[in-house]
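# Chain and residue survey
Residues per chain, in single letters:
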Amino acid sequence: MAAPPTAGAIPVLILREDTSRERGRQVLHTNVAAATALAEIVKTTLGPRGMNKLMVDSLGDIIITNDGATILDELDVAHPTAKLIVQASKSQDYTAGDGTTSVVVLIGEFLSRADKLVDKGIHPIIITNALKKIRKKLLEFLDELAWEVDVEKDKETMINAAISALNSKLPEEERRYFAELAYEAALAAYDRERNYLDPDLISIIQKEGKTLKDTILVKGVAIDKKIVHPEMPKIKHNARIALINQNIEIEKADVTSNITLDSLEALARLKEKEKEQIEKMVKKLIDLKVDVLFCQRGISDAAQDILAKNGIMAVRRVRRKDMRLISRATGAKIVSNIEDLREEDLGEAGLVEQRKVGEDQMVFIEKPKFEGATTIIIRGASKHVTDEAERALQDAINALKDVFEDKKVVPGAGATMMGLAILLRDWADKTEDLNGKEKEVARAFAESLEAIPKAIIENAGKDVIDTMGELRQKTSKEPGAWGFDAIEGKVIKAKDKGLIDPYRVVANIISTAIETASTILRIDEIIASKPKEEK
């Protein structure tokens, strides 16, 4: 592509010939269309009555979900602006653990209104400057609507926060049960001194069979492995635990090699030497009076026999993630060379036992030296059921993490978004901090905030005009108090009903939506290189 030539000058090539450029008003129209299309895809999943999406990937694998983060992750998005919005939703997921669908809907709704404001002659820079002021004010209003929670005494509020995260993902009967499991796990993992909840201390394992109500919480660590030898003990009390990241077998050569032996005696001597080497490795464990061995790599048959004869329980090929969790729970150190194993490297647990779960055997480590680690074993009729239950449980744990650390919640059921919309509109009408054009932007953003309760009402199959009218009327008298209960299908007082959201989720939705919308509005040209063809 050539730059415009001046009089008598030769055109200079700046970009490759196959590079495409799009600029002017058309760029904003295209970006808004992409954002709106993405918002329309996920909007129908909002709320307890949200619909599911059936996703089929390139290999033909099926995912059935209404989790916004999963849907956006599985979409093969091509448009650059749509990719930017998907990244924003992932940022929301990493920071707050929930609210991914709401952030995409809010971005799409505001950009469609901002496009009309630009058509009216309001420059994108004026809109982005107004958004900075709006964000600051909305966070002030959010602080007014929030209230503090005693995370250990006010168990009911905590469970309600978890239920709000589960509402759109699990059947009604299982929500409270899963919320209680999530609360127990989160309470165990919460470090009061650091005011930090580490989600890595909560392990989730799926096992097909039975129903969701048969899901259990283990106070300790459970691993999806079985004991390597049938003669080994299946249960150990007050166990001394060793964690080894080394093959307990004769190392094979890195390259293919042949050994020529001239007699049967030589073969016997070789076998004896190998046995001695294995015995030397295992002797270290016997001398240290190890009861249970978890090995990240392989354990040979000869080593298994010796361990079994000495009453040592052993599990091999344990995942690195599980090894780290066992280490944190029992106090054992992961040792890379068995020769370096010392007394202080061993961990302790009150009970290590192999039990049958479904069709498989699992090893349970309970009453560990350090409390905090928990394992939730999800049961369900099929892989699709347990997959969706795991996603729901992760959202509930993330929501509880937000509340444990911030100790603040806001009304749910769309009440906070509706309250913020009313407060923002009133502020825009009365304030002198905004000029005329900026007030238009504030009113447009207030309408965009209303899109979230509107989508919840729409997905519940109720009359949008009548219900939104009633919700506006009641919210104008008590901002933030009234929301829409999609299960009962009526306008209710959210706090009285126990419908609440974590403060961090809503605050991050507002910040992420405004930052992303501002970035997109400032784009006035798209320069795209043609993808290289694969040979």
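Up top is the structure.
Now for a description of the structure that goes with this document. (Residues numbered from 1 in each chain as written. Predicted model: local features only at pLDDT ≥ 70, side-chain atom pairs only at ≥ 80, totals over all residues. Heavy atoms only, no water.)

## A look at the sheet that holds strand S20 (residues 500–502)
Put simply, the test is: For two strands to pair, DSSP has to find at least two bridges joining them. Starting at the N terminus, helices and strands are each numbered in turn, a helix being any DSSP run of H or I of at least four residues and a strand any DSSP run of E of at least two.
Taking strand neighbours across the sheet as the criterion, the 3 strands line up as S4-S17-S20 in an open arrangement whose pairing is antiparallel. Each of the sheet's edge strands pairs with one partner strand only, and the pair in question is strand S4 (147–148) and S20.

## A word on the nonpolar core
Keep this limit in mind: Put simply, a nonpolar core is a bunch of buried Ala, Val, Leu, Ile, Met, Phe, Trp, Tyr and Cys residues held in one set by side-chain atoms that sit within 4.5 Å of each other. Burial classes: relative accessible area under 20% of the type maximum marks a residue as buried, over 50% as exposed, and values in between as partly exposed (1.4 Å probe, protein chains only). In this analysis, two residues are considered to be in contact whenever any of their non-hydrogen atoms come within 4.5 Å of each other.
Formed by 80 residues in total, the largest nonpolar core has its most connected members in Ile-241, Leu-285, Leu-293, Phe-294, Leu-307, Val-352 and Phe-404. Leave out the neighbours within four places in its chain, and Ile-241 touches Val-292, Phe-294, Thr-330, Ala-332, Asp-345, Leu-346, Gly-347, Glu-348, Ala-349, Val-352 and Ile-365. Membership of the second largest hydrophobic core comes to 77 residues, among which are Leu-28, Leu-434, Ala-446 and Ala-481.

## Description of the pairing of strand S10 (residues 235–244)
One ladder, built from 6 bridges, connects S10 with strand S14 (residues 347–357); its direction is antiparallel. Bridge pairing in S14 places Arg-240 opposite Glu-348. The sheet contact formed by S10 and strand S11 (residues 292–295) spans 4 bridges and is parallel. Each residue of the ladder has a partner; that of Ala-242, found in S11, is Leu-293. Here 2 bridges tie S10 to strand S13 (residues 334–335), and the two strands are oriented parallel to one another. Bridge pairing in S13 places Leu-243 opposite Ile-334.

## Thoughts on the pattern of salt bridges
Put simply, the test is: When a carboxyl oxygen of Asp or Glu is within 4 Å of a side-chain nitrogen of Lys or Arg, the pair counts as a salt bridge.
One pass over the full model with this rule turns up 36 salt bridges. For Arg-192, the salt bridge is made with Glu-152, and the minimal N-O distance between the two is 2.8 Å. Of the two residues, Arg-192 is situated in the loop between strand S5 (190–191) and strand S6 (196–197) and Glu-152 in the loop between S4 and helix H6 (155–166); the sequence distance between them amounts to 40 residues. The exposure class assigned to Arg-192 is partly exposed, which follows from its relative accessible area of 46%. Across the pair Glu-156 and Arg-176 runs a salt bridge whose closest N-O atoms are separated by 3.0 Å. One end of the pair, Glu-156, is in helix H6; the other, Arg-176, is in helix H7 (residues 172–189), and 20 residues separate them in sequence. Note on Glu-156: relative accessible area 40%, which makes it partly exposed. Arg-176 gets classed as partly exposed once you look at its relative accessible area, which sits at 33%.

## Quick word on the sheet that holds strand S7 (residues 202–208)
This is how it is decided: Between N-to-C directions, angles span 0 to 180 degrees; the directions come from axes that are lines fitted to C-alpha atoms, helices contributing only their stretch in contact.
Reading across the sheet, the 3 strands line up as S7-S16-S8 and stay open at both edges, with mixed pairing between neighbours. Both outer strands of the open sheet, S7 and strand S8 (216–218), are each paired with one neighbouring strand and no more. Strand-to-strand twist of the sheet, defined as the mean angle between neighbouring strand axes without regard to direction, takes the value 20°. Pairing of S8 with strand S16 (residues 374–380), which is carried by 3 bridges, proceeds in the antiparallel orientation. Paired with Val-218 across the bridge in S16 is Thr-375. Docked against the sheet, H7 engages S7, S8 and S16, running at close to 165° with respect to S16.

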